[in-house]
Amino acid sequence: MKRPFCLFLPVALAACQPAAAPTDKAAAAPAPSPAPVVAEWKPTAFNATSPTFSPNERSKFFTEFKSVVDKSAKGEFETTDAYKQRLANVDAVIQPFSTTDDYALKPEYADLKYNADVQAYEPAYSIFCQRHWPIDKGVSCGMGSVTDSTENYSGQNAFGTRAEVTSERGRDLYFVFNPADLKGKQFRDSNSEYRLPVTCPVPIEKARTLQGKHVLSAIVVRLRKPEIISGHSRFEDATVASPQAKYYESVGIPAIFKGSLCFVQETGEILHVSSY
């Protein structure tokens, strides 16, 4: 009888050991853990009576609404009549958004300062609005900017001066309102330019208790239709003095201005709501 040939090497020796007898007590492989369920994102409707408040995040709100609008585009094999009929039910098209809910969003510059003389919180920066610019129709009120990508490269001007350049691409976010909805004097500043009112009257005794906390503003809007409006883009070329190039496209959502509010960032307490 031939005997098995075994090399006297540590690795090979292990292969020459007799196989372990099977046993019923061998542990079964653990079952894989189920993948975590990711909840579908949906915007938060504004409720002035809620004990706490948190505004919808600007970038997510605009990005998700654009995604909904893109999905509602006319299909290749959809007739024009069928497309118009489908769009007639706006709330079905823009789910999880709604044209009957109000949504509160914080502008990019939302800080408020207390004015003891008038006993009210006033904006450090007004919400910038313009008619027919950068979006050609309606009154565009800026909510802020979002940088989507950044790139660094080495640049050189016509004189041979080199600099490290940062190039940004992003979006300027706007709500677009009908001019007829912003007729009152509360929607104009001292230069008769459009603005959104965010002043909040608060008694001085209450304001004293908020010292050291951040009081911020938010605006409340209602969506008008399933549409994203593009406007004039913003370009900034890089220079030696300012080696930063920027390209931001204007993105607008048609909306109705419903009001404004001020709230305490640390606690979510709503201090005042103005409705229009």
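Residues numbered from 1 in each chain as written. Predicted model: local features only at pLDDT ≥ 70, side-chain atom pairs only at ≥ 80, totals over all residues. Heavy atoms only, no water.

J.: In this structure, what is going on with the overall build of the protein chain? I would like to understand it.
T.: Counting its regular elements, the protein chain contains 5 helices and 13 strands. Scored against the burial criterion, the 276 residues of the protein chain give a buried share of 33%. For the protein chain, long-range pairs separated by at least 24 residues make up 69% of all intrachain contacts whose partners lie at least 6 apart in sequence. Total accessible area on the protein chain stands at roughly 17700 Å², and carbon and sulfur atoms take up 52% of it. (Helix = DSSP H or I, 4+ residues; strand = E, 2+ residues; numbered from the N terminus. Buried < 20%, exposed > 50% of the residue type's maximum accessible area, 1.4 Å probe, protein only. Contact = heavy atoms within 4.5 Å. Areas by Shrake-Rupley, 256 points an atom, 1.4 Å probe, with all protein chains shown as cover.)

J.: Hey, could you run me through the nonpolar core in this one?
T.: Across soluble globular proteins, nonpolar side chains have a tendency to be buried as a group. Ranked by internal contacts, the top residues of the largest apolar core, which has 42 residues, are Phe-61, Tyr-121, Phe-175, Phe-177, Leu-196 and Ile-219. Elements that contribute at least two residues to this core include exactly helix H2 (58–71), helix H4 (90–93), strand E1 (103–105), strand E4 (127–131), strand E5 (139–156), strand E6 (162–177), strand E9 (215–223) and strand E12 (244–264). It is E12 that contributes the most residues to this core, 6 residues altogether. (Core = buried A, V, L, I, M, F, W, Y, C linked by side-chain atoms within 4.5 Å.)

J.: Help me understand the pattern of salt bridges in this model?
T.: Opposite charge on two side chains lets them pair, provided their charged atoms get close. Within this structure, the stated rule accounts for 10 salt bridges. Put simply, Glu-269 and Lys-206 hold a salt bridge, and the shortest N to O gap is 3.0 Å. With Glu-269 in the loop between E12 and strand E13 (270–275) and Lys-206 in helix H5 (residues 204–209), the pair connects residues that are 63 residues apart, well separated along the chain. One salt-bridge network, in which partners are shared between bridges, spans Lys-137, Lys-225 and Glu-227. (Salt bridge = Lys/Arg side-chain N within 4 Å of Asp/Glu carboxyl O.)

J.: So what exactly am I meant to see when it comes to the layout of surface pockets here?
T.: In this approach, a probe sized like a water molecule rolls over the atoms, and the result shows the empty space that is left. Its volume calculated, the largest pocket comes out at about 410 Å³. Considering the residues around the largest pocket, the lining is formed by 21 residues, among which Phe-128, Gly-142, Gly-144, Ser-145 and Tyr-174 are closest to the centre. Sort the elements by how many residues they give to the lining of the largest pocket and E5 lands first, with 4 residues. Here the lining of the largest pocket is built from residues that sort into 10 nonpolar, 8 polar and 3 charged. In this structure, the second largest pocket encloses a volume near 220 Å³. What lines the second largest pocket is a set of 14 residues, and nearest its centre among them are Leu-112, Lys-113, Tyr-121, Lys-213 and Val-215. Elements with a minimum of two residues in the lining of the second largest pocket: strand E2 (112–115), H5 and E9. With 3 residues, the top contributor of residues to the lining of the second largest pocket is E2. Across the lining of the second largest pocket, the residue classes tally to 8 nonpolar, 2 polar and 4 charged. (1 Å grid on protein atoms, 1.4 Å probe; cavity = no way out; pocket = protein on both sides within 12 Å on 5 of 7 lines; lining within 4 Å. Points joined across faces, edges and corners; volume = space filled by probe spheres on them. Nonpolar A, V, L, I, M, F, W, Y, C, P; charged D, E, K, R; others polar.)

J.: I would appreciate a short explanation of the packing of aromatic side chains in the present structure.
T.: What the rule picks out here adds up to 18 aromatic pairs. With centroids separated by 4.9 Å and ring planes inclined at 75°, the aromatic side chains of Phe-53 and Phe-263 adopt a geometry described as edge-to-face. Of this pair, Phe-53 sits in the loop between helix H1 (10–15) and H2 while Phe-263 sits in strand E12, placing them 210 residues apart in sequence. Pair check on accessibility: Phe-53 and Phe-263 agree, each one buried. What links up through ring pairs into an aromatic cluster is the set Trp-41, Phe-61, Phe-62, Phe-65, Phe-97, Tyr-103, Phe-175, Phe-177, Phe-187, Phe-257 and Tyr-276. Between the NZ or CZ atom of Arg-188 and the centre of the ring of Tyr-194, over which it lies, the distance is 4.0 Å. The lysine or arginine in question, Arg-234, covers the ring of Tyr-248, its NZ or CZ lying 4.5 Å from the ring centre. (Phe/Tyr/Trp six-rings, centres within 6.5 Å; stacked < 30°, edge-to-face > 60°. Lys NZ or Arg CZ within 6 Å of the ring centre and 35° of its normal.)

J.: It is not clear to me how empty space enclosed by the protein should be interpreted in this structure. Could you clarify?
T.: Scanning the model with the defined rule gives 1 cavity of 30 Å³ or more in all. Volume-wise, the largest cavity comes out at about 40 Å³. Every residue lining the largest cavity is listed: Pro-123, Ser-126, Ile-127, Arg-195, Leu-196, Pro-197, Val-198 and Thr-199. Residues that form the lining of the largest cavity fall into these classes: 5 nonpolar, 2 polar and 1 charged.

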